[in-house]
Amino acid sequence: MIEYNKIYNMDCMEGIKLLDDKSIDLVIIDPPYKLDINKIKKPNGFNNYANDLLDLKDGFDLKVLDLLISKMKKINIYIYCSKRQILELLEYFKNKNCNFEVLTWHKQNPSPLTNNIYLPDTEYVIFAREKGVKLYGNYHTKHKYYISGVNQVDKKKYGHPTIKPLTFIEYHIENSSKEGDVILDCFAGSGTTLVGAINKNRKFIGFEINKEYFEIANRRIAEAVQNKVGEAN
Ligand SMILES: C[S@@+](CC[C@H](N)C(=O)[O-])C[C@H]1O[C@@H](n2cnc3c(N)ncnc32)[C@H](O)[C@@H]1O
């Protein structure tokens with residue numbers, strides 16, 4: 001029995017099956033990217049960085065999306081991805097008659113790899129929604145781009161090599177859900193989506209397969225709940 005406001009240390013292919021059908025309002029996921037890991041520069045402080053990324057190089061099985069769709073009230077999903085995954089994801093959601101946007105996260109200080117390639121300064125987010133799914137938010141939250149540094153501080157602080165910017169994720173939450181809605185992140189990593197849900201008064205469910213990242217996410221969740229209680233007093 002899966003409870004709200006918890007993260008579970010398990011393979012999401014098993015976890016998603018335990019959810020009730022049509023119980024999720026919004027999905028935000030940042031699954032393994034298709035990456036060429038030889039071109040990635042190791043950030044300071046990450047000795048096993050290439051190893052950490054090995055499991056990220058092949059992308060993820062689109063069967064996860066089939067499972068997720070059965071659990072969403074209506075298709076309403078943000079998927080962080082690499083440029084290699086954009087085509088297959090757009091094709092997938094076109095076949096489901098969804099509207100879509102390609103949002104981008106731009107990093108101001110990427111590693112200086114200039115040899116015959118563009119700078120690695122952009123990550124992509126596919127947003128897909130079924131007809132009838134509303135977009136909320138405001139002028140401030142609805143830009144299609146978000147600009148920040150490369151997140152070295154968060155990477156070091158929370159010990160996850162591919163942590164995403166909390167503010168951008170909070171914009172997705174504000175734009176695509178209401179207070180009290182249920183948000184699922186089944187590749188939770190250090191728990192950024194789950195912290196965003198707490199900050200924005202939404203319910204959440206998380207799955208993370210790696211024990212170390214699961215524990216990091218649990219610590220961040222406890223910290224975010226504590227901050228909320230502090231704000232209320
Ligand atoms: C790109 S990271 C997510 C980072 C996260 N957005 C953050 O800000 O910290 C992807 C995560 O998915 C986890 N993962 C990979 N396969 C999984 C699976 N089958 N089930 C659950 N988690 C999985 C990895 O361990 C990794 O932490």
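None of these values were measured; they are calculated from a predicted model. (Residues numbered from 1 in each chain as written. Predicted model: local features only at pLDDT ≥ 70, side-chain atom pairs only at ≥ 80, totals over all residues. Heavy atoms only, no water.)

Describe in detail the confidence of the model for the protein, supporting the description with residues and values.
Of all residues in the protein, 89% attain a pLDDT of 70 or more, and the chain-wide mean is 89. The model gives residues 39-43 a pLDDT under 50, and that stretch makes 12 contacts with residues more than four places away or in other chains. (pLDDT = per-residue confidence, 0-100. Contact = heavy atoms within 4.5 Å.)

Help me get a handle on helix α7 (residues 192-199), residues and values and all.
The buried fraction of α7 is high, at 7 of 8 residues. Residues of α7 that are buried include every one of Thr192, Thr193, Leu194, Val195, Gly196, Ala197 and Ile198, and no others. Among the structural elements, β1 (6-8), β2 (26-29), α6 (166-176), β7 (182-185), β8 (203-207) and α8 (211-232) are those in contact with the buried residues of α7. Asn201 lies just past α7 and shows a positive phi near 60°. (Buried < 20%, exposed > 50% of the residue type's maximum accessible area, 1.4 Å probe, protein only. Helix = DSSP H or I, 4+ residues; strand = E, 2+ residues; numbered from the N terminus.)

Requested: an account of the site of the ligand, with residues and values cited.
As a structural note, the neighbourhood of the ligand is formed by 19 residues, with Cys12, Asp30, Ser190, Thr192 and Glu208 the closest of them. Within the side chain of Ser190, a nitrogen or oxygen atom sits 2.6 Å from an oxygen atom of the ligand. The side chain of Glu208 places a nitrogen or oxygen atom 2.6 Å from an oxygen atom of the ligand. For the ligand, whose free accessible area comes to 610 Å², the fraction covered by protein is 93%. Residue classes in the shell around the ligand are distributed as 9 nonpolar, 6 polar and 4 charged. (Near = heavy atom within 4 Å. Polar contact = N/O pair within 3.5 Å; in protein donor to acceptor, adjacent residues only side chain to side chain. Areas by Shrake-Rupley, 256 points an atom, 1.4 Å probe, with all protein chains shown as cover. Nonpolar A, V, L, I, M, F, W, Y, C, P; charged D, E, K, R; others polar.)

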